[in-house]
Amino acid sequence: MLPYAVFAPKGVADREQVAEWLNYCASAAPQESGMAYSGYIPANSNAVATDEIKAKLGMDYTDLRAKLYQPDWGYIAEHQKDTVAAIDQMMSTL
């Protein structure tokens, strides 16, 4: 699954309102609507696929998530410099 980011600008005036908005964005209902409009897979595990979406996907969200590759972002971040150096080395020989 690809991570999605939603954030507020640094120094936002009403942090409480921003927290409320972020909690709403993370809830199931807007993510269910988002799937219907954009096709992105809801990150909220309580989101329920409509019958139409289940028919398009051939499964519900739980089954779909089980089939997705989920990288170990900690490992990737820890080895980023070495990975970039190796890619740079490979590219330098082209």
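The notes below deal with the structure included here.

What follows is about the packing of helix α1 (residues 15–26) against helix α2 (residues 28–38). Where α1 contacts α2, the axes come no closer than 5 Å and their chain directions differ by 55°. As judged from the angle between their axes, α1 and α2 are oblique. Residues Tyr-24, Cys-25 and Ala-26 of α1 form the contact with α2, whose own contacting residues are Ala-28, Pro-30 and Gln-31.

Turning next to the side chain of Arg-65. Assignment of secondary structure puts Arg-65 in helix α4 (residues 61–67). The charged side chain of Arg-65 is buried without a salt bridge, its nearest counter-charge being Asp-60 at 7.2 Å. A distance of 2.7 Å separates a polar atom in the side chain of Arg-65 from the backbone oxygen of Pro-42.

All right, on to the environment of Ser-38 then. Tracing the chain through its elements places Ser-38 in helix α2. A sequence separation of 31 residues divides Ser-38 from Phe-7, and the C-alpha atoms of the two residues are 19 Å apart. A polar contact of 3.4 Å, which involves the side chain of Ser-38, links it to the backbone nitrogen of Tyr-40.

The topology assignment puts Met-59 in the loop between α3 (51–57) and α4. Excluding residues that lie within four positions of it along the chain, Met-59 makes contacts with Lys-54, Leu-64 and Lys-67.

Rules of the game
- Residues numbered from 1 in each chain as written.
- Predicted model: local features only at pLDDT ≥ 70, side-chain atom pairs only at ≥ 80, totals over all residues.
- Heavy atoms only, no water.
- Axes fitted to C-alpha atoms, helices over the stretch in contact; angles between N-to-C directions.
- Helix = DSSP H or I, 4+ residues; strand = E, 2+ residues; numbered from the N terminus.
- Parallel < 35°, antiparallel > 145°, perpendicular 65-115°, else oblique.
- Contact = heavy atoms within 4.5 Å.
- Buried < 20%, exposed > 50% of the residue type's maximum accessible area, 1.4 Å probe, protein only.
- Lys, Arg positive; Asp, Glu negative; His and termini not counted.
- Salt bridge = Lys/Arg side-chain N within 4 Å of Asp/Glu carboxyl O.
- Polar contact = N/O pair within 3.5 Å; in protein donor to acceptor, adjacent residues only side chain to side chain.

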